Amino acid sequence: MNLVSRTLEIDADTDARLREMAKEHGQDVAAVLAEAVALLDSVIDLSGPDIGEDRRRYDDFRQTHLAVPLNEVKAWVASWGSEDELPRPQPHKVG
């Protein structure tokens, strides 16, 4: 494997989380970052946003006002793997 030295500026919280993740997985930070980039590449098309899909979803929201508020999504995600894991939040009228 060809290794490249690269300097990144990240905030202290991100650095702490990277180090924590590396320690939890018995890896170095570079390996954690490599896995994160591979995962990102597998789920996000960096060639450009799908504006049509965004527009369709926004138009649906404007008609129905159905959504899942961010705080509910965050609470759900934070509960993953716990004994008190929350059910997937369902859209409801907002605004």
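Cut-off values and rules
- Residues numbered from 1 in each chain as written.
- Predicted model: local features only at pLDDT ≥ 70, side-chain atom pairs only at ≥ 80, totals over all residues.
- Heavy atoms only, no water.
- 1 Å grid on protein atoms, 1.4 Å probe; cavity = no way out; pocket = protein on both sides within 12 Å on 5 of 7 lines; lining within 4 Å.
- Points joined across faces, edges and corners; volume = space filled by probe spheres on them.
- Nonpolar A, V, L, I, M, F, W, Y, C, P; charged D, E, K, R; others polar.
- Salt bridge = Lys/Arg side-chain N within 4 Å of Asp/Glu carboxyl O.
- Helix = DSSP H or I, 4+ residues; strand = E, 2+ residues; numbered from the N terminus.
- Buried < 20%, exposed > 50% of the residue type's maximum accessible area, 1.4 Å probe, protein only.
- Phe/Tyr/Trp six-rings, centres within 6.5 Å; stacked < 30°, edge-to-face > 60°.

J.: In this structure, what is going on with the layout of surface pockets? I would like to understand it.
T.: Its boundaries defined by the atoms lining it, the largest pocket holds a volume of some 410 Å³. Here the lining of the largest pocket is composed, by residue class, of nine nonpolar, two polar and two charged.

J.: Sorry if this is basic, but what is going on with the pattern of salt bridges here?
T.: Between side chains of opposite charge, a pair can form as their charged atoms come close. Throughout the structure, instances matching the rule amount to seven salt bridges. With a shortest N-O distance of 2.9 Å, Glu-20 and Arg-17 are connected by a salt bridge. In this pair, Glu-20 and Arg-17 are both assigned in helix 1 (residues 12–25), three residues apart and thus about one turn of the helix distant. Across the pair Asp-59 and Arg-55 runs a salt bridge whose closest N-O atoms are separated by 3.7 Å. Of this pair, Asp-59 and Arg-55 both sit in helix 3 (residues 51–64), four residues apart, which is roughly one turn of that helix. By relative accessible area, which is 31% here, Asp-59 ends up partly exposed.

J.: Before we go on, may I ask you to explain the packing of aromatic side chains in this structure?
T.: Two numbers describe a pair of aromatic rings. These are the distance of the centres and the angle of the planes. Counting across every chain of the model gives one aromatic pair. On the basis of an interplanar angle of 90° and a centroid distance of 5.0 Å, the ring pair of Trp-76 and Trp-80 is categorised as edge-to-face.

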